[in-house]
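# Structure at a glance
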Amino acid sequence: MESMLISPAKFIFFGFLPGWVLSLSLLIIGLGVFTYIIWKRILPIKNASPDNSRLDRIPERIVKLAKLWFLQARHPRYPFVGILHILIFFGFLILSVRTGSLSVIGIFENFELPGLAYNQPLGQVYNIIKDYTATIVFFTCLIAAVRRSLFKPARYNVPEKYGHDHTLEAVFVLAIIMGLMISESIFEAAAASAGNDGHTPQLTLVWMFSEILNGSSHGMLQKTHLVSYFFHDALFFFFLCFLPMGKHFHVITSVFNVFFMRIDKGNIKPVVYGVNDEGLDDLESFGVKKIEDFTWKHMLDFYSCADCGRCSDHCPANAAGRPLSPRFISIKCRDFLFRKYPVIGKPSNNRELIGSVLEKDEIWSCTTCGACEEECPLLIEYIDKIVDVRRGFVDDGNVPQSLQKPLGALEKRGNPWGKMEKKRADWAKDEDFSKDYTVKILGRKESADTLYFVDSISSYDDRMQDIARATARLLSDSGIDYGILGKLEKDSGHEVRRFGEEMLFQDLKDNNTEAILNSGVKNIVTADPHAYNALKNDYANLPPVVHISEVIERKVKTGDIRLKEIEDKSRVYTFHDPCYLGRHNELYAPPRAVIDAVPGIKRIDMKKSGDRSFCCGGGGLMLFYEPEEEQRMGVLRVGMAKEAGANVIVTACPFCLVNIEDAIKVAGMEGEMNAIDLTELIDRHVIRE
Amino acid sequence: MEILVCVKRVPDTSENEIEVNSNGADIERDDLVYSVNEWDNYAVEEAIQLRDKVGGSVTVVTVGDDESEEVLRREMAMGADKGVLLSDDAFTGSDGMGTTAILKAEIEKGKYDLILTGAQADDGAGQIGGMLASILDVPYASLVNYIEVLDENKIKVGREIEGGNQEMNELNLPCVLSIQTGINEPRYVGIRGIRKVAKLEIPIHGASDLGISADSVGAAGARVKRVDYFVPDFGEGAEILEGSTDEKIEKMIEILKAKGGIK
């Protein structure tokens, strides 16, 4: 084969330099430089904080890897560009075999991979597939390049404060890939045109180039053959070494990043992996203060960010104009790592992170809604990083004044408003409520099967006490034997932990755990998704915890709760998924099933719903934080409900209700839009004899 | 620069429901939670920032009972180097002058360049700073919202004047300043910070340590005696709105509309 032309390996350049020497040199230099760069990239990872949680549950990891990396499961969430990526991704997988063997062919001209030789059936099939693949990859990259440079989708914009535009880097890499596809095809085409019996499958690049080259002189074909080979070879090694210099590092790191992904949802990383709650007092420092305080996995995240902007596209803080864009958390930290650990030269001693790379307001702006993490095709984590930086802030006393009061009150009174402990159960003393219902306060005298964990906002806030009372009525009507902890209950500490005050969280957790275990209950129910998430994912060794929507769903099915026709048939309902019910705990179906159980109700979903739900503005301590923002998240959310054609927003979280009710007022939509909690909606429609 | 800050443990008005007790001479203290007087927190933060800038040390001192130790620890967790608790049964019931005399005795045991107090306390009379300067015979500036160290013997301070005006003064050291809130942003002290200083020793100085005769301070020495304590009766025109927050707001708007406050 290719007998008519001298192969790149055998050709003697300038009368003395055999082609194989050139190929071998390229291979050695290419791999050498690549190894050196990777070594430099591993240096900070070696200095990073430990994380021993990434090598457990291997079978589960393999399944996730197959789904999320190999099958690219998250890409079709953005259908057009997702499919482009899937084509390029599979193209790379298929062509890596060819590229690998091609660089050896330049040394040993007859090199063939076992089983994939030209004269073997599998080899022949592979050769046809790879020609079509190269063609598809070429045109996909062309479309991608046109999309990036001419259509410029808004989510790639780089706001001025984050530096220059990234289009050039993206298009440059696409051009390299196209160059690789073209040169490989020309190399093949020249050989084919010179009379070898290789394939030139119809409509492939090889076919096109061989059509062009047919009839060219032998010398011309020989030159084309050689130039295209060495161009491809050099370009390939350049590409390989260029990958770890920017966003295309993900081509190499993605498989590791997805394999080492965070499997559990809803919880927060420990302060330091390997240090249990009892050991926290002995730690010198808490949280992230310098870049090396991030864990090795978090550094791998920085390296793996492909700058695709999907996180920020779904970040409610970003949408509201707060100074946070998750994409740039990754990009800024990556660039800082690159600067601090340069490819050439020694690592610098630069310890500055806060104020020069990350900003205080940026870090406090996050509501930990999880939209960014849900979207990231590379499974990059943000919440743990943000919480870790906040832990550093808290450790240094660097806490916004607006948060210091509620934190102080939580420490002294167990609730962020500093209300009296003994008034925690006063919501049950309401006249209208208490004439028909009594709520047991668990303790020495009273016991029950089920604990209703009310949490602070539903205990103390005038409006949200309605949720507590509705929940209590529903529990009573369902015949559940339940009680509350009363003054023994403290705030669940859900946001206390997420705002970085770990030790206060530990105190609250220990307090509640003791009270719950002493009460002797067999299970726990709550109507507050933040409490639900805390008890389920942050606490340990508690009886099973369910959200009220799960209880209602069950009781409607068993017939213990019967519902009457919807009060107002003219209204259109929509369900706003609370972040800590939906994304963090995947309870999307129960609340919807409960709403749909009301006869005659008309329910539609907003465009952003389910795992793409848009945060209302954040719960817990976020109610106290005064962010810089152009717009309230809640106002944006109310607009989305209106756009969907709904006029009642049903939610299942007291914080969502606070934010959305406020937003309706701010947006001036009182009268045309209403908000109601799921428990209130059902409570109003229960048939009571 | 050696800085001393006088602090006080007070019931936090925002986290308590203050009620007068049955005998009418004090408030009901059973369910109270306490914290550092807010103004004092600003004073300690300012002292720490000054020390970090020019060197020296920060000592926090309080007159109180054993439980007052917790506020000293909190301020030490913020970054104060030393804490001293001035406590003696004889101190109980001191009036402003008595407290000042106790503080003076402690101050004279050391050598301080700068003495800071809060401008006032939640439950106080705003009198300590001025009295202290007077009996120590040193310069005094009140309601200070800016401090700049000029040299070893001189500082420049800004004072907040009614109507939002600002006044600048130069003072010779040593001097006493009473600190206004807003001079800085006091740092947060978490449980972890307090635990870190939990084992540091805090000396307790009583009347004999300070060389004070027991009858000159405390209830015995007090020349100002509290005779009554009550929530004033509603005067003419005063009205307390009842109901839920929404109802209260509605009534409030009605009243404002009715009286022409809003249209």
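Analysis parameters
Residues numbered from 1 in each chain as written. Chains lettered and ligands numbered in written order. Predicted model: local features only at pLDDT ≥ 70, side-chain atom pairs only at ≥ 80, totals over all residues. Helix = DSSP H or I, 4+ residues; strand = E, 2+ residues; numbered from the N terminus. Buried ≥ 20, exposed ≤ 12 C-beta atoms within 10 Å, placed from the backbone. Contact = placed C-beta atoms within 7 Å. Domains from an automatic or database assignment. Nonpolar A, V, L, I, M, F, W, Y, C, P; charged D, E, K, R; others polar. Pairing = 2+ DSSP bridges. Axes fitted to C-alpha atoms, helices over the stretch in contact; angles between N-to-C directions. Parallel < 35°, antiparallel > 145°, perpendicular 65-115°, else oblique. Left-handed = near helix turned anticlockwise from the far one by under 90°. pLDDT = per-residue confidence, 0-100. Expected span 1.5 Å × (residues − 1). Right-handed = clockwise from strand over helix to strand, strands pointing away.

What follows deals with the overall build of chain B. Secondary structure summary: chain B contains eight helices and 11 strands in total. Looking at chain B as a whole, 36% of its 263 residues qualify as buried. Sequence separation of 24 or more characterises 70% of the internal contacts of chain B that already satisfy a separation of 6 or more.

Check the secondary structure of chain A and you find 27 helices and 11 strands. Across its three principal directions, the C-alpha atoms of chain A cover 105 × 60 × 45 Å. When each of the 689 residues of chain A is scored for burial, the buried share is 47%. Looking at chain A alone, contacts between residues at least 24 apart form 76% of all its contacts between residues at least 6 apart.

Take the domain arrangement of chain A next. All names here are of chain A. Domain boundaries in chain A define domain 1 (12-245), domain 2 (287-395), domain 3 (415-548) and domain 4 (573-685). In this structure, domain 2 and domain 4 have C-alpha centres spaced 29 Å apart. On the domain 4 side, the residues contacting the 15 residues of domain 2 number 19 residues. Elements that contribute at least two residues to the side of domain 2 that touches domain 4 include exactly helix 11 (316-319), helix 13 (360-364) and helix 14 (371-375). Tallied by class, residues from the side of domain 2 that touches domain 4 come to seven nonpolar, five polar and three charged.

Before going further, it helps to examine the sheet that holds strand 8 (residues 573-575) of chain A. All names here are of chain A. Judged by pairing direction, the sheet is parallel, and its four strands sit side by side in the order 9-8-10-11 without closing on themselves. Each end of this open sheet is capped by a strand with a single partner; those strands are strand 9 (603-604) and strand 11 (674-677). Sheet strands in contact with helix 26 (residues 654-666) are strand 10 (648-651) and strand 11, and its direction is about 170° off that of strand 11.

All right, on to the environment of K8(B) then. Residue and element names in this part refer to chain B. Within the secondary structure, K8 sits in the loop between strand 1 (2-6) and strand 2 (9-11). Linking K8 and G163, residues 155 residues apart in sequence, is a C-alpha distance of 28 Å. If near-sequence neighbours (up to four positions away) are discounted, K8 is found in contact with N37, D40, T62, A121 and G124.

Residues L173(B) and P174(B) are joined by a peptide bond in cis, for which omega reads -10°. Take P174(B): it is sitting in the loop between strand 9 (165-172) and strand 10 (175-179). Here D455(A), not a glycine, exhibits a phi torsion of approximately 70°, which is positive. For D455(A), the location among the structural elements is in the loop between strand 4 (450-452) and helix 18 (456-460). Residue class for D455(A) comes out buried when judged on the 30 C-beta atoms lying within 10 Å of it.

All names here are of chain A. At their nearest, the axes of helix 4 (residues 121-151) and helix 5 (residues 167-193) sit 9 Å apart, and the two run at 160° to each other. If you check the angle between helix 4 and helix 5, you find them roughly antiparallel. Seen from above, helix 4 lies across helix 5 with left-handed handedness. Only T167, A170, V171, L174, A175, I177, M178, M181, I182, E184 and S185 of helix 5 make contact with helix 4, whose side of the interface consists of A134, V137, F138, C141, L142, A144, A145, R148 and S149.

A separate point is the environment of K104(B). Residue and element names in this part refer to chain B. Within the element layout of this structure, K104 appears in helix 3 (residues 96-109). With 17 C-beta atoms packed within 10 Å, K104 lands in the partly exposed category. Separated by 32 residues in sequence, K104 and L136 place their C-alpha atoms 7.0 Å apart. Apart from the residues within four sequence positions on either side, K104 is in contact with L132, I135 and L136.

This part covers the sheet that holds strand 5 (residues 82-86) of chain B. Read across the sheet, nine strands follow the order 9-8-7-10-6-1-4-5-11 (chain B) without closing on themselves; strand pairing throughout is mixed. Lying at the two open borders of the sheet, with one neighbouring strand each, are strand 9 and strand 11 (204-205) of chain B.

Turning our eyes to something else, we now look at the confidence of the model for chain B. Where the model shows low pLDDT, its predicted coordinates should not be examined in detail. With 100% of its residues at a pLDDT of 70 or more, chain B has an overall mean of 91. Under the prediction, the complex receives an ipTM of 0.87, its pTM being 0.93.

Residue and element names in this part refer to chain A. For helix 1 (residues 19-47), built from 29 residues, the straight-helix expectation of 42 Å at 1.5 Å per residue is met to within 8% by its first-to-last C-alpha distance of 43 Å. Burial in helix 1 covers these residues: G19, L22, S23, R41 and P44. Considering only its buried residues, helix 1 is in contact with strand 1 (12-13), strand 2 (17-18), helix 7 (218-242), helix 9 (296-304) and helix 12 (326-340).

A word on helix 2 (residues 69-78) of chain B. Residues and elements named next belong to chain B. Of all the 10 residues making up helix 2, eight are buried; the element is thus mostly covered by neighbouring parts of the structure. Looking at helix 2, one finds that the buried residues are V71, L72, R73, R74, E75, M76, A77 and M78. Where helix 2 is buried, its residues touch strand 2, strand 3 (34-36), helix 1 (38-54), strand 4 (57-63), strand 5 and helix 5 (191-196).

This part takes up the domain arrangement of chain B. What the domain assignment lists for chain B is domain 1 (2-221) and domain 2 (235-263). When each unit is reduced to the centre of its C-alpha atoms, the spacing between domain 1 of chain B and domain 2 of chain B is 40 Å.

The figure often quoted for interface size is the accessible area lost as the parts come together. Taken together, the 17 residues of chain B in the interface contact 24 residues of chain A. In terms of residue count, helix 5 of chain B provides more of the side of chain B that touches chain A than any other element does, three residues in total. Residues that form the side of chain B that touches chain A fall into these classes: five nonpolar, five polar and seven charged.

A regular strand places its side chains on the two faces of the sheet in alternate fashion. Residue and element names in this part refer to chain A. Two strands pair when backbone bridges link them, and strand 8 and strand 10 are joined in this way by three bridges, in the parallel orientation. By the bridge assignment for strand 10, F575 is matched with V650. Pairing geometry for strand 10 and strand 11, over four bridges, is parallel. From the neighbouring strand, V650 faces strand 11, where its bridge partner is I676. Of the crossover connections in this fold, the one passing from strand 10 over helix 26 to the parallel strand 11 is right-handed.

All names here are of chain A. With their axes 8 Å apart at the nearest point, helix 9 and helix 12 run at an angle of 100° to one another. The orientation of helix 9 relative to helix 12 falls into the category roughly perpendicular. Counted together, M299, D301, F302 and Y303 of helix 9 and S330, C333, R334 and L337 of helix 12 form the full contact between these two elements. When its residues are assigned to classes, the contact of helix 9 with helix 12 shows five nonpolar, one polar and two charged.

This brings us to the pairing of strand 5 of chain B. All names here are of chain B. By the bridge criterion, five bridges tie strand 4 to strand 5 in an arrangement that is parallel. Along strand 5, the bridge assignment pairs V63 with L86. With helix 2 bridging strand 4 and its parallel neighbour strand 5, the resulting β-α-β unit is right-handed. Of the strand pairs in this sheet, strand 5 and strand 11 are connected by two bridges, and their pairing is parallel. When the sheet's bridge partners are listed, L85 is paired in strand 11 with I204.

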